[in-house]
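Below, each chain spelled out in residue letters.
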Amino acid sequence: MTIHTVVLIPGDGIGPEVSDAVKAVFEAAEAPVRFVTQYAGVAALDRGKEDLLPAETVAAIREHHVALKGPCTTPIGAGFSSVNVALRKKLNLYAAVRPVRSMPGVKTRFEDVDLIIVRENTEGLYSGIENLITDGVVASLKVATRVACHRIAHWTFKYATHRQRKKISVFHKANIMKMSDGMFIDEARKVHNEDYPNIKYEEVIIDAAHMKLVQDPSQFDIILCENLYGDLVSDLCAGLVGGLGVTPGANIGDDDAVFEAVHGSAPDIAGKGVANPLALLMSGTMMLNRLADTRHDPRCAEVAEKIKRAYSAALEDGQKTRDLGGELGTQGFVQAVIERLNG
Ligand code: NAI
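Bear in mind the structure is a predicted one, so any value in this text is a computation, not a measurement.

Analysis parameters
- Counting from 1, residues in each chain are numbered in the order their sequence is written.
- Local features are withheld for residues below a pLDDT of 70 in this predicted model, meaning they are given only at 70 or higher, and side-chain atom pairs are given and counted only at 80 or more; totals for whole chains, interfaces and linings count all residues.
- Calculated side-chain values reflect all of the structure's heavy atoms, with hydrogen atoms and water omitted.
- Each residue gets one of three labels from its accessible area relative to the maximum for its type: buried under 20%, exposed over 50%, partly exposed in between, using a 1.4 Å probe on protein chains only.
- Secondary structure is summarised from DSSP: a helix means a run of H or I of at least four residues, a strand means a run of E of at least two, and numbering begins at the N terminus for each.
- Strands qualify as paired when DSSP identifies two bridges or more between them.
- The nearness test applies per residue and asks whether one of its heavy atoms lies within 4 Å of the molecule or strand.
- Any N or O atom pair separated by 3.5 Å or less is treated as a polar contact, with the protein-specific requirement of one donor-capable and one acceptor-capable atom, and with residues adjacent in sequence counted only for side-chain atom pairs.
- Note that accessible areas follow from Shrake-Rupley with a 1.4 Å probe, and for residues the cover is restricted to the protein chains shown.
- Each residue receives one of three labels: charged for Asp, Glu, Lys and Arg, nonpolar for Ala, Val, Leu, Ile, Met, Phe, Trp, Tyr, Cys and Pro, and polar for the others, Gly being one of them.
- Put simply, the grid is 1 Å and covers the protein atoms alone, a cavity is a trapped set of points that fit a 1.4 Å probe, a pocket is an open set with protein on both sides within 12 Å along at least five of seven lines, and lining residues have an atom within 4 Å of a point.
- Grid points are joined across faces, edges and corners, and a volume is the space filled by probe spheres set on the points.
- Boundaries of every domain are those given by an automatic assignment or by a domain database.
- A pair is scored as a salt bridge if a Lys or Arg side-chain nitrogen falls within 4 Å of a carboxyl oxygen belonging to Asp or Glu.
- Within this scheme, the nonpolar core is defined by two criteria: the residues are buried Ala, Val, Leu, Ile, Met, Phe, Trp, Tyr or Cys, and they are joined through side-chain atoms within 4.5 Å.
- Contacts between residues were defined by any pair of non-hydrogen atoms, one from each residue, lying within 4.5 Å.
- Every helix has an expected span of 1.5 Å times one less than the residues it contains.
- By buried area we mean the combined loss of accessible area, with a 1.4 Å probe, across both parts when two parts are placed together.

What about the pairing of strand β3 (residues 66-69)?
- The two faces of β3 match: V66 and L68 on one face and A67 and K69 on the other face are all buried.
- Bridging between β3 and strand β12 (residues 257-261) involves four bridges; their strand directions are parallel. In the sheet register, A67 faces β12, and the bridge partner there is V258.

Quick word on the site of the ligand
- Not every one of the 20 residues close to the ligand is listed here, only the nearest: C72, G264, A266, D268 and N276.
- Contacts to the ligand include K69, whose side-chain N or O atom sits 3.2 Å from an oxygen atom.
- Contact with the protein chains hides 66% of the accessible area of the ligand, taken as 810 Å² for the molecule alone.
- Each residue belonging to the shell around the ligand can be placed in one class, and the counts come to nine nonpolar, seven polar and four charged.

Here we look at the layout of surface pockets
- Of the pockets and cavities examined, the largest pocket occupies roughly 880 Å³.
- Within the residue set of the lining of the largest pocket, elements represented by two or more residues are β4 (95-101), α5 (146-162), β11 (248-252), α9 (278-294) and α10 (298-316).
- When residues in the lining of the largest pocket are grouped by element, the largest group, seven residues, is from α9.
- Grouping the constituent residues of the lining of the largest pocket by class yields 15 nonpolar, eight polar and ten charged.
- Both of domain 1 (1-93 + 247-343) and domain 2 (109-241) provide at least three residues apiece to the lining of the largest pocket.
- Roughly 560 Å³ of internal volume is contained in the second largest pocket.
- Around the second largest pocket, the lining is made up of 28 residues, and of these N84, R88, R119, E260 and V262 lie nearest the centre.
- Breaking the lining of the second largest pocket down by element, the ones donating at least two residues are α4 (83-91), β4, β5 (114-120), α8 (227-241), β11 and β12.

Here's the deal with the pattern of salt bridges
- This model, assessed by the stated rule, comprises 21 salt bridges.
- With its nearest N and O atoms 2.6 Å apart, the salt bridge here joins K49 to E56.
- Classification of K49 as partly exposed rests on a relative accessible area of 34%.
- Here E187 ties to K190 by a salt bridge, and the two come within 2.9 Å at their closest N and O atoms. You can see E187 and its partner K190 sitting in helix α6 (residues 180-195), three residues apart, about one turn around the helix.
- Judged by its relative accessible area of 2%, E187 falls in the buried class.
- Overlapping salt bridges bring together R101, D114, R165 and D221 as one network.

Overview of the nonpolar core
- Within the largest apolar cluster, 91 residues are counted, with the highest numbers of intra-cluster contacts made by F26, L115, F171, L288 and I307.
- Considering every element that reaches this core, the biggest residue donor is α9, with ten residues.
- Domain assignment of the residues forming this core places at least three in each of domain 1 (1-93 + 247-343) and domain 2 (109-241).
- Contacts of I307, omitting those with residues within four sequence positions, involve V25, F26, A29, L281, T285, L288 and L341.
- One finds V7, L52, A60 and V258 within the second-largest nonpolar core, a separate group that totals 15 residues.

Details of α9
- Helix length check: α9, at 17 residues, gives a terminal C-alpha distance of 24 Å against a target of 24 Å (1.5 Å per residue), a fit within 8%.
- In terms of residue burial, α9 counts as a mostly covered element, since 14 of its 17 residues are buried.
- Where α9 terminates, the next one or two residues include H296, which has phi positive at roughly 50°.

Thoughts on the domain arrangement of the protein chain
- As assigned here, the protein chain comprises domain 1 (1-93 + 247-343) and domain 2 (109-241).
- When each unit is reduced to the centre of its C-alpha atoms, the spacing between domain 1 and domain 2 is 25 Å.
- Together domain 1 and domain 2 conceal approximately 800 Å² of surface at their shared face, both sides included; 39% is due to carbon and sulfur atoms.
- Among the salt bridges present, the one from R163 reaches D293, with a minimum N-O distance of 3.4 Å.
- At the boundary of domain 1 with domain 2, the tally comes to four residue pairs in polar contact (both at pLDDT 80 or more).
- Those elements giving two or more residues to the side of domain 1 that touches domain 2 turn out to be α4 and β11.
- Split by residue class, the side of domain 1 that touches domain 2 holds three nonpolar, three polar and three charged.

Okay, here's the thing in structure tokens:
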């Protein structure tokens, strides 16, 4: 039986608590995974590293290609840049994927939400190029390259085909940003017409798209966006299904992939044993599904399904942490999931 080695970055704040929770569920579910721990964020500085993202952490991901990452604190005003942005750049993790689905037992305005947001992760306004033009005037550069626009469009259509999804909607503002967003939709349209005509495709101006999303999310399936829009749209969509505690995410490149919950290190509740580990656990099941695909190991998909059934059953039975209106702490929820693994 193959055991897949995966890098685990516990992160900061609630990160170690929710990482331990995922490890406990994986162990109980007999996931064919061995975690090797590496550090990033303040946890790395605390261990004497000079950088929030130590070279050995990046090297370990390059070696094993897959990582599960807890949230990392970015110290404010200390000259450090975000671990997440640095990881995406160093490993060229150009596709951010966030599935957003209604969860059993989590009551929200809409039922049966089932969306996937794909965000271009490397350029746009997050390229970090800002200049002081003159006193009182700054310019922030929105970068779009044809290569990156094509790459994310191609990745998304391929993903849609593999996951048997029906439609891709590109959210854009090409009516104003005619060149940058214009190039983004040009490339998506080209990939659709030339390579994937069977998948439905539409372009929606992002302001109207937001209105449509909150009126009726079922009209969308996969949403493809450039970096900034993707960041905003994915949090809006998280709100449609119950918020940060139930939203997993992945950052994927050609060689490597880093799976992480969307929430941060939640310093306000760190160490209190009340953090909801579900989002990281869901990210863990995404990771297992990727291992199943890329390593051709169907057992990983079976275990992912088993874990998914167990946490869904726990939620249905009202076994929830406080952020979802329940009363359980982190350990209590882990126990509730483990008890339902073989049910
Ligand atoms: P946050 O997501 O940490 O917290 C926002 C609110 O949600 C807080 O009230 C928190 O208690 C609650 N919350 C978050 N996750 C929860 C969970 N699993 N269970 C229960 N409640 C939860 O966002 P905030 O406060 O803006 O950021 C705190 C730190 O996290 C910052 O240093 C920020 O840079 C970092 N961060 C890291 C991310 C990452 O590594 N992926 C993503 C977002 C923020």
